[in-house]
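This is what each chain is made of:
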Amino acid sequence: TYTSYNLEKNTYIEDTNFTVISEICPLSSSDLLIVGYGGVITFVLEAIENLKAEEINATALIPEQISPIGKKLIIEVIDRDLPILIVEESTIDFSWGAEIIAQLYDRGFNQKIHRIGSSSDCIPASIELEEKTLPQVETITTASLNLLS
């Protein structure tokens, strides 16, 4: 669970292992889907709040587990036909996000998709240096705006 948002007020998509943070923006009125998991969720939710100031409605999709990926989610996302930003702490090469993108495109998804992750350097132990390596709120906000431009 996440302390800033009551997940009971949000939507769990059956057979997908994903929760939609509809407390911020209902999926039905979203301009953008942001998919992330783990430590980046706090940053994703803050970025969504920043996007609201730009009059952009973004919805977070949060997996409750990263494997297996529910096939129903892929169909649900394709049906929404929205641009997608995938945010990961890992590098984007050969990543979970790459697998999501492959599954979407294999099934005919034709919207813009972008992904951001850590730099391909080692993730440092120092908080100051870690912030330069991992995606942050500003990185996510900027990537979202660029995806929609």
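Look above for the structure.
Thresholds applied
- Residues numbered from 1 in each chain as written.
- Predicted model: local features only at pLDDT ≥ 70, side-chain atom pairs only at ≥ 80, totals over all residues.
- Heavy atoms only, no water.
- Helix = DSSP H or I, 4+ residues; strand = E, 2+ residues; numbered from the N terminus.
- Contact = heavy atoms within 4.5 Å.
- Buried < 20%, exposed > 50% of the residue type's maximum accessible area, 1.4 Å probe, protein only.
- Pairing = 2+ DSSP bridges.
- Phe/Tyr/Trp six-rings, centres within 6.5 Å; stacked < 30°, edge-to-face > 60°.
- Arc of directions from axis to C-beta.
- Polar contact = N/O pair within 3.5 Å; in protein donor to acceptor, adjacent residues only side chain to side chain.
- Expected span 1.5 Å × (residues − 1).

1. Overview of the environment of Gly117
Mapped onto the elements, Gly117 comes out in the loop between β6 (113-116) and α4 (127-133). Taking C-alpha positions, Gly117 is 9.6 Å from Gln136, a pair spaced 19 residues apart along the chain. Excluding residues within four positions of it along the chain, Gly117 makes contact with Glu88, Ser90, Ile92, Thr133 and Pro135.

2. With respect to unusual backbone geometry
Backbone geometry at Glu55 places phi at a positive 60°, although glycine is not the residue there. Mapped onto the elements of the fold, Glu55 is located in the loop between α1 (41-53) and β4 (58-63). Even without glycine at this site, Phe94 takes up a positive phi of about 55°. Owing to a relative accessible area of 85%, Phe94 belongs among the exposed residues under this scheme.

3. Digging into the pairing of strand β5 (residues 84-87)
Neither face of β5 is exposed, since Ile84 and Ile86 on one face and Leu85 and Val87 on the opposite face are all buried. In the sheet, β5 pairs with β6 via four bridges, with the strands oriented parallel. When the sheet's bridge partners are listed, Ile86 is paired in β6 with Arg115.

4. Quick notes on the packing of aromatic side chains
Inspection of the entire model under this criterion finds one aromatic pair. Each ring, one from Tyr37 and one from Trp96, has its centre 5.1 Å from the other, and the planes form 75°; the classification is edge-to-face. In this pair, Tyr37 sits in the loop between β3 (32-36) and α1 while Trp96 sits in helix α3 (residues 96-106), placing the two residues 59 residues apart along the sequence.

5. Structural notes on the environment of Val77
Residue position: Val77 is located in helix α2 (residues 71-80). Given a relative accessible area of 5%, Val77 falls into the buried group. With 27 residues separating them in the primary sequence, Val77 and Leu104 have C-alpha atoms 8.2 Å apart. Setting aside anything within four residues of it in sequence, one finds Val77 in contact with Leu33, Leu61, Ile84, Leu104 and Phe109.

6. Considering α3
If you check which residues of α3 are buried, you get Trp96, Gly97, Ile100, Ile101, Gln103 and Leu104. Buried residues of α3 fall within an arc of 165° about the axis and therefore sit on the same side. Taking the backbone nitrogen of Gly97 as reference, a side-chain oxygen 3.4 Å away marks Ser95 as the first, capping residue of α3. Among the residues trailing α3, Gly108 stands out with phi positive, at a value near 95°.

7. Digging into helix α5 (residues 137-148)
Taking 1.5 Å as the rise per residue, α5 with twelve residues should run 16 Å; its terminal C-alpha atoms sit 17 Å apart, in good agreement. Listed as buried for α5 are Val137, Ile140, Thr141, Ala143, Ser144 and Leu147. Projected down its long axis, α5 carries its buried residues within an arc of 165°, all on one side. Opposite its buried face, α5 presents the exposed residues Glu138 and Asn146, each directed more than 90 degrees away.

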